[in-house]
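Listed here are the chains, written in short residue letters.
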Amino acid sequence: MLKPQRLQTIQQLVAHRGSASVTELSTQLGCSEMTIRRDLAALAQAKKVVRVHGGAQTFAYRENNELSRNEKRNLHVREKKQVARAAASLVRAGDVVYIGPGTTNELIANYLPTLPDLRIITSSLPVFQSLQDRAAQLSLQLIGGVYRAKTGVFIGSLVYEMLQRLHTDKAIISVNSLAGPNMLTPIPTKAS
């Protein structure tokens with residue numbers, strides 16, 4: 001099968017199923033997994049599919065199957081606590097820190113030391129709520145926009161514009177914020 005035909009077939013299979021693994025595509029098309037990986041990279045670059053670890057998905061499949069915040073909260077809790085503890089240990093007195101959305105970031109309040117002149121900025125209502133009891137010990141700022149109930153995050157141009165104007169020393173962001181199913185907010189951090 002020639003490459004243009006193979007690309008079209010791959011695109012159709014992914015569209016029909018919503019997602020497909022490299023192994024499935026390799027078996028079905030009778031070519032190597034390396035060839036399929038190169039084809040998926042080409043299709044992803046052309047914005048025909050979303051490349052994921054081990055295969056590809058349609059844009060609609062990816063968006064419709066994003067786990068809710070409540071579903072994510074109970075996944076990999078031990079690892080999330082370790083990451084939250086490590087992230088909190090990087091915060092210093094006098095820092096201005098943006099803490100992005102994410103269930104791991106919600107745990108940071110449990111490990112954040114009491115530090116003088118600490119300012120925390122977030123666009124995540126759950127992160128804000130996790131730090132609310134500490135508001136007397138730090139400056140806490142919630143950036144609002146359009147509220148997205150599934151993730152507990154404020155999104156939209158207002159959030160983006162406010163983040164562009166803020167100067168932070170550190171930004172603690174989750175993988176979902178960078179490259180998740182729905183890129184919630186691009187984080188333009190500027191070191192002071």
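Here we summarise the structure given alongside this text. (Residues numbered from 1 in each chain as written. Predicted model: local features only at pLDDT ≥ 70, side-chain atom pairs only at ≥ 80, totals over all residues. Heavy atoms only, no water.)

Some thoughts on the environment of Ile 108
Following the sequence through the fold, Ile 108 ends up in the loop between α7 (103-106) and β5 (119-122). Since its relative accessible area comes to 1%, Ile 108 is described here as buried. Along the chain, Ile 108 and Leu 131 lie 23 residues apart, while their C-alpha atoms are 8.5 Å from each other. (Helix = DSSP H or I, 4+ residues; strand = E, 2+ residues; numbered from the N terminus. Buried < 20%, exposed > 50% of the residue type's maximum accessible area, 1.4 Å probe, protein only.)

Side note on the packing of helix α1 (residues 3-17) against helix α3 (residues 33-45)
Taken N-terminus to C-terminus, the directions of α1 and α3 make an angle of 75°; their axes are 10 Å apart at the nearest point. Taken as axis vectors, α1 and α3 run roughly perpendicular relative to one another. Within the contact between the two elements, α1 uses Lys 3, Arg 6, Leu 7, Ile 10 and Gln 11 and α3 uses Thr 35, Ile 36, Asp 39, Leu 40 and Leu 43. Among the residues forming the contact of α1 with α3, the class breakdown is five nonpolar, two polar and three charged. (Axes fitted to C-alpha atoms, helices over the stretch in contact; angles between N-to-C directions. Parallel < 35°, antiparallel > 145°, perpendicular 65-115°, else oblique. Contact = heavy atoms within 4.5 Å. Nonpolar A, V, L, I, M, F, W, Y, C, P; charged D, E, K, R; others polar.)

Describing the side chain of Lys 80
As for its position among the elements, Lys 80 is in helix α6 (residues 77-89). In this structure, Lys 80 is buried with no salt-bridge partner, the nearest side chain bearing the opposite charge being Glu 106 at 8.1 Å. Setting aside chain neighbours within four positions, we find Lys 80 in contact with Lys 72, Arg 73, Leu 75, Thr 103, Thr 104 and Leu 107. (Lys, Arg positive; Asp, Glu negative; His and termini not counted. Salt bridge = Lys/Arg side-chain N within 4 Å of Asp/Glu carboxyl O.)

Focus on the packing of α1 against helix α2 (residues 22-29)
What describes two packed helices is the angle between their axes and the distance between those same axes. Packing of α1 against α2 brings their axes to within 11 Å, and their N-to-C directions diverge by 125°. If you check the angle between α1 and α2, you find them oblique. The two elements α1 and α2 meet at a crossing, and its hand is right-handed. Between α1 and α2, the residues in contact are Arg 6, Thr 9, Ile 10, Leu 13 and Arg 17 and Glu 24, Leu 25, Gln 28 and Leu 29, respectively. A breakdown of the residues in the contact of α1 with α2 according to their chemical character gives four nonpolar, two polar and three charged. (Left-handed = near helix turned anticlockwise from the far one by under 90°.)

Regarding the pairing of β5
Where strand β4 (residues 96-99) lies against β5, three bridges are found, and the strand directions are parallel. By the bridge assignment for β5, Val 96 is matched with Arg 119. Where β5 and strand β6 (residues 139-142) come together, four bridges link them in parallel fashion. Note that in β6 the partner of Thr 122 across the bridge is Leu 142. Each parallel crossover has a hand, and the one from β5 via helix α8 (residues 125-131) to β6 is right-handed. (Pairing = 2+ DSSP bridges. Right-handed = clockwise from strand over helix to strand, strands pointing away.)

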